[in-house]
Amino acid sequence: MVDKQRYFASLKKSGYSKKDAEKEAYKREIEGERLINGNCSFTEYAKEFIARSGKSPTTIEKFSKMIERYGEYLKNANINSLYFALMDLAINNYKNECKAKGISNATINRDICYLKQLVMDAREQGLKIKCNLKIIKYDKENPRIPDMPTRAERQQILDWFRDNCPKLYVWIYFVITRGWRMGEFIKMSVSDINLENMTLTVRHTKTGVERLAKLTDDDCMVLNEHILFLKRTEQYKPDGLLIPPQKKEARDIGRNTLFRWVRKACKELNIRKHIINHSFRHWVVTAVLDQTANIENVKQLTGHEDTRTILEHYTHSTTEGIAKGLEITKLNVSTLSDRFVPKCVPKKRFYGRI
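Keep in mind that what you see is a predicted model, and the values were worked out from it rather than measured.

Quick look at the overall build of the chain now. Along the backbone of the chain there are 16 helices and 3 strands. Every one of the 354 residues in the chain was classed for burial, and the buried ones make up 38%. Counting contacts in the chain only where the partners sit at least 6 residues apart, residues at least 24 apart contribute 61% of the total. Just so you have it, the chain exposes about 23,500 Å², and 52% of that area is on carbon and sulfur atoms.

Shown next, in the form of structure tokens:
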């Protein structure tokens, strides 16, 4: 009866009357016993959870891969009951087995996150799952060092967007030359541009604080050409977005749109580096800091506020920087071959009798 009272207390008063809540609690207890005794497998329960949760297609794909990996582990470990499949011991053993197979920490952490969601959902459904979530810990992921694009590669990508995707040309231009975040352009409107004063108001920043960016002649020319492009394609609105969405019912263009186009450009240009739109932000910070040696210029240009973040995460070595460093440390050298010419070996004197 204690369990029934616990189930009854967890139900919402607005959704159930007292009599209906008791029936629902008893029903959940019966279903919980059926699931725990092994009548429902882990795969069935996980797929049923996906159908109820309404997750995005990308998340469903990753979740399905986790179900396949974890299902194979349960099969090898001879675990058939859902009760034992969601215990902390089984999840930790799965984590160690994935490490032994060489699976990345990012994939393991994502699988653990999904398994924790299943544990919490099972408890909400009234199942008595004995799992201490505090014991299951995430591993530190190895940070990926971005591949820094060269000057020629940046120019090629910028020209590719001008010829193949003129709508996003203004976006990639400010990403490459200013290192701005992609989220700062998603909700930027046409009214934020002031070509007379050569300023641009960045309202939707990561910190929530607006900033006023000064524009150069090239920046004004690119923005003016983009506005003319919007007028030619009948997408211009005085209070509309600077980059209108592709679908009329969409609110904005989407965060992953530029990422997909950058990957497509690199593929067609045969650039084999792992370049994403955020790689240009890393390059801008590194280049400006190398040339000016003033971190305030970097903060003003890219919109950073924390100096520690710039120094720890955004400064990298570049091919051009290493070459300039070698030029500074270069000295005059001469060949050493003349110093190692063997001298004439003197003839041995003979002191013995003939």
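Right, let's get into helix α6 (residues 88-101). Relative to the 20 Å expected for 14 residues at 1.5 Å per residue, α6 spans 20 Å between its end C-alpha atoms, a close match to the ideal helical length. For α6, the complete set of buried residues consists of D88, A90, I91, N92, Y94, K95 and C98. For α6, the elements touching its buried residues are α4 (57-76), α5 (82-85) and α7 (105-124). In the segment just after α6, G102 is the residue with positive phi, at about 90 degrees.

Before going further, it helps to examine the packing of aromatic side chains. Here the structure, examined in full by the defined rule, presents 9 aromatic pairs. Taking 5.8 Å as the distance between ring centres and 45 degrees as the angle between the ring planes, the aromatic pair formed by F49 and F63 counts as tilted. Residue F49 is located in helix α3 (residues 42-53), and its partner F63 is located in helix α4; the two are separated by 14 residues in the primary sequence. There is no split in this pair, since F49 and F63 are both buried. A ring pair is formed by Y73 and Y94, whose centres lie 5.7 Å apart and whose planes are at 55 degrees; its orientation type is tilted. One end of the pair, Y73, is in helix α4; the other, Y94, is in helix α6, with 21 residues separating them in the sequence. Taking the relative accessible area as the measure of exposure, Y73 reaches 5% and is therefore buried. Among the aromatic residues, those joined into a cluster by ring pairs are F42, Y70, Y73 and Y94. Sitting above the plane of the Y236 ring, K231 keeps its charged end 5.0 Å from the centroid.

With that settled, consider the environment of S81. Assignment of secondary structure puts S81 in the loop between α4 and α5. For S81 and F42, which are 39 residues apart along the polypeptide, the C-alpha to C-alpha distance reads 7.4 Å.

Our next topic: the pattern of salt bridges. Applying the stated criterion to the full structure yields 12 salt bridges. Where K65 meets E61, a salt bridge forms, and the shortest distance between an N and an O atom there is 4.0 Å. Taken together, the positions of K65 and E61, both in helix α4 and 4 residues apart, correspond to about one turn of that helix. We classify K65 as partly exposed; its relative accessible area is 43%. We classify E61 as partly exposed; its relative accessible area is 47%. Residue E153 is joined to K273 by a salt bridge in which the shortest nitrogen-to-oxygen separation is 3.3 Å. Remark: K273 occurs in the loop between α12 (257-268) and α13 (277-292) and E153 occurs in helix α8 (residues 151-164); sequence separation between them is 120 residues. On the accessibility criterion, K273 (26% relative accessible area) is partly exposed.

For R154, the location among the structural elements is in helix α8. The residues contacting R154, other than those within four sequence positions of it, are P149, I176, F280 and W283.

Residues other than glycine seldom take positive phi values, yet N78 does so here, at roughly 60 degrees. Within the secondary structure layout, N78 lies in the loop between α4 and α5. A positive phi angle is found at M198, which is not glycine, with a value near 55 degrees. Position of M198 among the secondary structure elements: in the loop between β1 (193-194) and β2 (199-202).

Attention now goes to the pairing of β2. Consecutive side chains along a regular strand alternate between the two faces of the sheet. Neither face of β2 is exposed, since T199 and T201 on one face and L200 and V202 on the opposite face are all buried. Between β1 and the antiparallel strand that follows it, β2, lie 4 residues; M198 among them carries a positive phi value of about 55 degrees. Of the strand pairs in this sheet, β2 and strand β3 (residues 211-214) are connected by 4 bridges, and their pairing is antiparallel. What sits directly across from V202, in β3, is R211.

Take the packing of α4 against α7 next. A pair of packed helices is captured by two measures, namely the crossing angle of their axes and the spacing between those axes. With their axes 10 Å apart at the nearest point, α4 and α7 run at an angle of 90 degrees to one another. One finds that α4 runs roughly perpendicular with respect to α7. Along its contact with α4, which presents T59, K62, F63, M66, R69 and Y70, the element α7 presents T107, R110, D111, Y114, L115, Q117 and L118. The residue makeup of the contact of α4 with α7, split by class, is 6 nonpolar, 3 polar and 4 charged.

Moving on, we get to the sheet that holds β1. Taken in spatial order, the 3 strands make up an open sheet running β1-β2-β3, and their pairing is antiparallel. The two strands at the open ends of the sheet, each matched to only one other strand, are β1 and β3. Note that β1 and β2 share 2 bridges and pair antiparallel. Looking at β2, one finds that N194 is bridged to T199.

Analysis parameters
Sequence order sets the numbering: in each chain, residues are counted from 1 along the sequence as written. Residue-level local features of this predicted model are given only where pLDDT is at least 70; pairs of side-chain atoms are given and counted only at 80 or more, and the full residue set underlies all totals for whole chains, interfaces and linings. Heavy atoms throughout the structure, all of them, feed into the side-chain values; hydrogens and water do not. Here a strand is any run of E in DSSP of at least two residues, a helix any run of H or I of at least four, and the numbering for each starts at the N terminus. Per-residue accessibility, obtained with a 1.4 Å probe over protein chains only, is compared with the maximum for each type, and a residue is labelled buried under 20%, exposed over 50%, and partly exposed between these values. Residue contacts follow a heavy-atom distance rule, with two residues in contact if any of their heavy atoms lie within 4.5 Å. For every accessible area listed, the method is Shrake-Rupley and the probe measures 1.4 Å; residues are considered covered only by the protein chains on display. A helix is expected to span 1.5 Å for every residue after the first. Working definition: a ring pair exists when centres of Phe, Tyr or Trp rings (six-membered ring for Trp) sit within 6.5 Å. Plane angles under 30 degrees give stacked, over 60 give edge-to-face, the rest tilted. Look at NZ for Lys and CZ for Arg. If either is within 6 Å of the ring centre and within 35 degrees of the ring normal, a charge sits over the ring. Basic side-chain nitrogens of Lys or Arg form a salt bridge, by our definition, when they fall within 4 Å of a carboxyl oxygen of Asp or Glu. What makes two strands pair is DSSP finding at least two bridges between them. Throughout, an axis means a line fitted to C-alpha atoms (over the contacting stretch in the case of helices), and angles, computed between N-to-C directions, take values from 0 to 180 degrees. Orientation categories follow fixed angle ranges, with anything under 35 degrees roughly parallel, anything over 145 roughly antiparallel, 65 to 115 roughly perpendicular, and all other angles oblique. For this scheme, ten residues count as nonpolar: Ala, Val, Leu, Ile, Met, Phe, Trp, Tyr, Cys and Pro. Four count as charged, namely Asp, Glu, Lys and Arg, and the remainder, Gly too, count as polar.

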